[in-house]
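Tertiary structure, described
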Amino acid sequence: MNNLAHLYSNSVNKIHRCQGFTLIELIIVIIILGILSVSVAPKFFSSKGFSEYAYRTDVIAKLRLVQTKAMQQTNTVSYCHQILITAKKLGTPDDCDDSPSFAAIWQDSATKLQIDSNDNITFSSNITGNKFTFDSMGRPSCSPCEITINGEQSVSVKIEAEGYIHAL
């Protein structure tokens, strides 16, 4: 009976010794959690850079719409397939002549985009004169065209010589 009691007490002690974490393991886990909370958590709780990506998506949609219209509406006399880029606006101008411009009173449309006054974002481009047109094949008059959305981060949209519009 002594052997059985001794065997039982040894197995109980082994079970109790194997349960739980050591102090070193706990400290390592706390350090890892601290590093993660300092580096990753702020990205989840801020919208830093989100607006730039939203505007980039809108720019791509507006450019593809004008490009599609240019491929469908081949009569260039009555349709304007020109894109004008200013610091805060992008889209088809109100007058499609040698010096295009946007109207003083902004009117939203499917082919125009204006940056919200609360957003600290601007447009810039590598395009001479900040204007270009699409031909009946959907190709831009600039080659390649690149439009950059500048804010807390900079994101870009590129129009290849063949007309492919994509995000960078």
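Presented here is a report on the structure given in the accompanying data block. (Residues numbered from 1 in each chain as written. Predicted model: local features only at pLDDT ≥ 70, side-chain atom pairs only at ≥ 80, totals over all residues. Heavy atoms only, no water.)

Let's shift gears to the state of the cysteines. Summed over the entire model, instances satisfying the criterion amount to 1 disulfide. Here Cys142 engages in a disulfide with Cys145; their sulfurs sit 1.5 Å apart. Between Cys142 and Cys145, the disulfide has an S-S torsion of 100° and is therefore right-handed. Judged on exposure class, the residue Cys142 and its partner Cys145 are both buried. (Disulfide = S-S within 2.5 Å. Buried < 20%, exposed > 50% of the residue type's maximum accessible area, 1.4 Å probe, protein only.)

For the rest of this paragraph, the subject is the environment of Glu146. By the element assignment, Glu146 lies in strand β6 (residues 145-150). As for Glu146 and Ser156, which are separated by 10 residues in sequence, their C-alpha atoms are 6.7 Å apart. Residues within four places of Glu146 in sequence aside, it is in contact with Ser124, Ser125, Asn126, Ser156, Val157, Lys158 and Leu168. (Helix = DSSP H or I, 4+ residues; strand = E, 2+ residues; numbered from the N terminus. Contact = heavy atoms within 4.5 Å.)

This part is about the pairing of strand β1 (residues 82-85). Here β1 shows two buried faces, one formed by Gln82 and Leu84 and the other by Ile83 and Ile85. For β1 and strand β5 (residues 131-133), the ladder comprises 3 bridges, and the chain directions are antiparallel. Paired with Ile83 across the bridge in β5 is Phe132. Sheet analysis places β1 next to strand β2 (residues 89-91), joined by 2 bridges and oriented antiparallel. From the neighbouring strand, Ile85 faces β2, where its bridge partner is Leu90. Between the antiparallel neighbours β1 and β2 lie 3 residues. (Pairing = 2+ DSSP bridges.)

Before going further, it helps to examine the nonpolar core. One finds Leu63 and Phe132 to be the most contacted residues of the largest nonpolar core, which totals 24 residues. Among the elements of the structure, α4 (50-72), β1, β6 and β7 (154-159) are those that each provide at least two residues to this core. For this core, the element with the highest residue contribution is α4, accounting for 6 residues. Discounting residues that sit within four places of it in the chain, Phe132 has contacts with Leu63, His81, Gln82, Ile83, Ile85, Ile127, Pro140, Ser141, Cys142, Cys145, Ile147 and Ile159. (Core = buried A, V, L, I, M, F, W, Y, C linked by side-chain atoms within 4.5 Å.)

All right, on to a nonpolar patch on the surface then. A cluster of nonpolar side chains, contributed by Ile24, Ile28, Val29, Ile32, Leu33, Leu36 and Val40, occupies part of the molecular surface with about 630 Å² of accessible area. Note on placement: Ile28 falls in helix α2 (residues 23-39). Take Ile28: its relative accessible area is 45%, and that puts it in the partly exposed class. (Patch = residues over 30% accessible without salt bridge, like charges linked within 9 Å, V, L, I, M, F, W, Y side chains within 5 Å. Areas by Shrake-Rupley, 256 points an atom, 1.4 Å probe, with all protein chains shown as cover. Salt bridge = Lys/Arg side-chain N within 4 Å of Asp/Glu carboxyl O.)

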